[in-house]
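Each chain, letter by letter, is given below.
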Amino acid sequence: MKDSRYLILVVEDDYKLARTLEDFLLANQFSVMLVMDGQAALDIYFANNHLIDLILLDGMLPKVDGYDVLKTIREYSDVPIIMLTARESEEEQLKGLETGADNYITKPFLLRVLKAHIDALLKRTGKPEGNTVEMGRLTLNLGARKAYLDGKLLNLTPKEFDLIHHFCKNENVVLSRESILDAVWGYDYEGDIRTVDTLVKQIRRKLTDSCPYIHSVYGVGYRFEVNDA
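Calculation criteria
Residues numbered from 1 in each chain as written. Predicted model: local features only at pLDDT ≥ 70, side-chain atom pairs only at ≥ 80, totals over all residues. Heavy atoms only, no water. UniProt positions renumbered as here; feature names shortened; annotations may be inferred. Helix = DSSP H or I, 4+ residues; strand = E, 2+ residues; numbered from the N terminus. Contact = heavy atoms within 4.5 Å. Phe/Tyr/Trp six-rings, centres within 6.5 Å; stacked < 30°, edge-to-face > 60°. Buried < 20%, exposed > 50% of the residue type's maximum accessible area, 1.4 Å probe, protein only. Pairing = 2+ DSSP bridges. Arc of directions from axis to C-beta. Polar contact = N/O pair within 3.5 Å; in protein donor to acceptor, adjacent residues only side chain to side chain. Salt bridge = Lys/Arg side-chain N within 4 Å of Asp/Glu carboxyl O.

Per an unreviewed UniProt entry, the recorded name for the chain is Stage 0 sporulation protein A homolog, and the organism is Candidatus Limivivens merdigallinarum. For the record of the chain, the UniProt heading Function (unreviewed entry) holds the text "May play the central regulatory role in sporulation. It may be an element of the effector pathway responsible for the activation of sporulation genes in response to nutritional stress. Spo0A may act in concert with spo0H (a sigma factor) to control the expression of some genes that are critical to the sporulation process."

Have a look at this one:
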């Protein structure tokens, strides 16, 4: 499951500053990936671009220059990027912004100012924190109460959405039919446990055989497991 916190990729070759940024972001409830050269930044980004919410990118990096990293990422993505650099000239700032940076902060800077820029950019993206759950090929938008398989909207009923969300929150846990009934329908529900089987059958049909995430556990109930090869 994707961490509910925003994930920030920090690309900074100054070890002390990199660790300072990492500690600060973690303390402010962000998740962090940290790399210290431009090639590693590209490798990590393209391996995790579906997870990364924002990039803090140093302009001067070994192996691949920060501006080249920016240019390459911008060919594929509009992920928010803040340039961090000691270059103070107007020409350098324009170069970063024209290449596709969303913001430009010169060193040294106050950490609280950096956080204000981060918060403003993330707010502008319109992605509510903790609003998306990603499980293999399945994505749940909790705010909109919509589910997607490989990016395509699934036509789920409200109760089907509640059930699949419950499964996602309990990945790899064996759930009895009784516990599912209590959690999804409520303790005062007067129907029987066959209701669970019926709804699971409907969800499985919509996920298709190519996405067999809901496993039957004989005599007990079900286990949700992402088992993509």
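**Student:** Describe the environment of Leu111, naming the residues involved and giving the relevant values.
**Tutor:** With respect to the helices, strands and loops of the structure, Leu111 is situated in helix α5 (residues 111-125). The spatial distance from the C-alpha of Leu111 to the C-alpha of Leu25 is 9.4 Å, given a sequence separation of 86 residues. Contacts of Leu111, omitting those with residues within four sequence positions, involve Thr20, Leu21 and Phe24.

**Student:** A description of the packing of aromatic side chains should follow, citing residues and the corresponding values.
**Tutor:** Evaluation of the coordinates by the stated rule reveals five aromatic pairs. Where Phe167 meets Tyr222, the ring centres are 6.4 Å apart and the plane angle is 75 degrees; that geometry is what we call edge-to-face. Highlighted residues: Phe167 in helix α6 (residues 158-169) and Tyr222 in strand β12 (residues 221-224), separated in sequence by 55 residues. Each member of the pair, Phe167 as well as Tyr222, carries the same accessibility label: buried. On the basis of an interplanar angle of 80 degrees and a centroid distance of 5.7 Å, the ring pair of Tyr213 and Phe224 is categorised as edge-to-face. Highlighted residues: Tyr213 in the loop between α8 (194-207) and β11 (214-217) and Phe224 in strand β12, separated in sequence by 11 residues. Since its relative accessible area comes to 0%, Tyr213 is described here as buried. Overall, Phe224 belongs to the buried group, its relative accessible area being 0%. Members of the aromatic cluster, joined through ring pairs, are Phe167, Tyr213, Tyr222 and Phe224.

**Student:** Quick rundown of the side chain of Glu22? Include the residues and the values.
**Tutor:** As for its placement among the helices and strands, Glu22 is situated in helix α1 (residues 15-27). Contacts of Glu22, omitting those with residues within four sequence positions, involve Val32 and Leu34.

**Student:** Describe the pairing of strand β7 (residues 138-141), and please don't skip the residues or the numbers.
**Tutor:** Burial of β7 is one-sided: the residues Leu138 and Leu140 facing one way are buried, the residues Thr139 and Asn141 facing the other way are not. Here strand β6 (residues 132-135) runs beside β7; their pairing, made up of four bridges, is antiparallel. Counted as the bridge partner of Glu134 is Thr139 from β7. The hairpin formed by β6 and β7 contains two residues between the paired strands, and Gly136 there has a positive phi angle of roughly 60 degrees. Of the pairings in the sheet, the one linking β7 to strand β8 (residues 146-149) comprises four bridges and is antiparallel in character. Looking at the pairing, Leu138 lines up with Leu149 of β8. Taken together, β7 and the strand that follows it, β8, pair antiparallel across an intervening segment of four residues, in which Arg145 is found at a positive phi of about 55 degrees.

**Student:** Describe helix α7 (residues 177-185), with residues and values.
**Tutor:** Where α7 is concerned, the buried positions are Arg177, Ile180, Leu181, Val184 and Trp185. Taken end-on, α7 shows its buried residues confined to a sector of 100 degrees, consistent with a single buried face. Gly186, located one to two residues past α7, shows a positive phi value of around 100 degrees.

**Student:** Describe the side chain of Glu12, listing the residues and the values that go with them.
**Tutor:** Positionally, Glu12 belongs in the loop between β1 (7-11) and α1. Residue classification places Glu12 among the buried residues on the basis of a relative accessible area of 1%. Here the side chain of Glu12 touches Lys107 through a polar contact of 2.9 Å, side chain to side chain. With sequence-adjacent residues up to four places away left out, Glu12 is seen in contact with Leu17, Ala18, Val35, Met36, Asp58, Leu61 and Lys107.

**Student:** Please set out the pattern of salt bridges residue by residue, giving values where relevant.
**Tutor:** Tallied over the full model, the rule gives 12 salt bridges. Linking Glu12 and Lys107 is a salt bridge whose minimum nitrogen-to-oxygen distance equals 2.9 Å. Linking Glu12 in the loop between β1 and α1 with Lys107 in the loop between β5 (103-106) and α5, this pair joins segments that are 95 residues apart in sequence. Overall, Lys107 belongs to the buried group, its relative accessible area being 19%. With its nearest N and O atoms 2.7 Å apart, the salt bridge here joins Arg177 to Asp197. Pair noted here: Arg177 is in helix α7 and Asp197 is in helix α8, with a separation of 20 residues, a long-range link.

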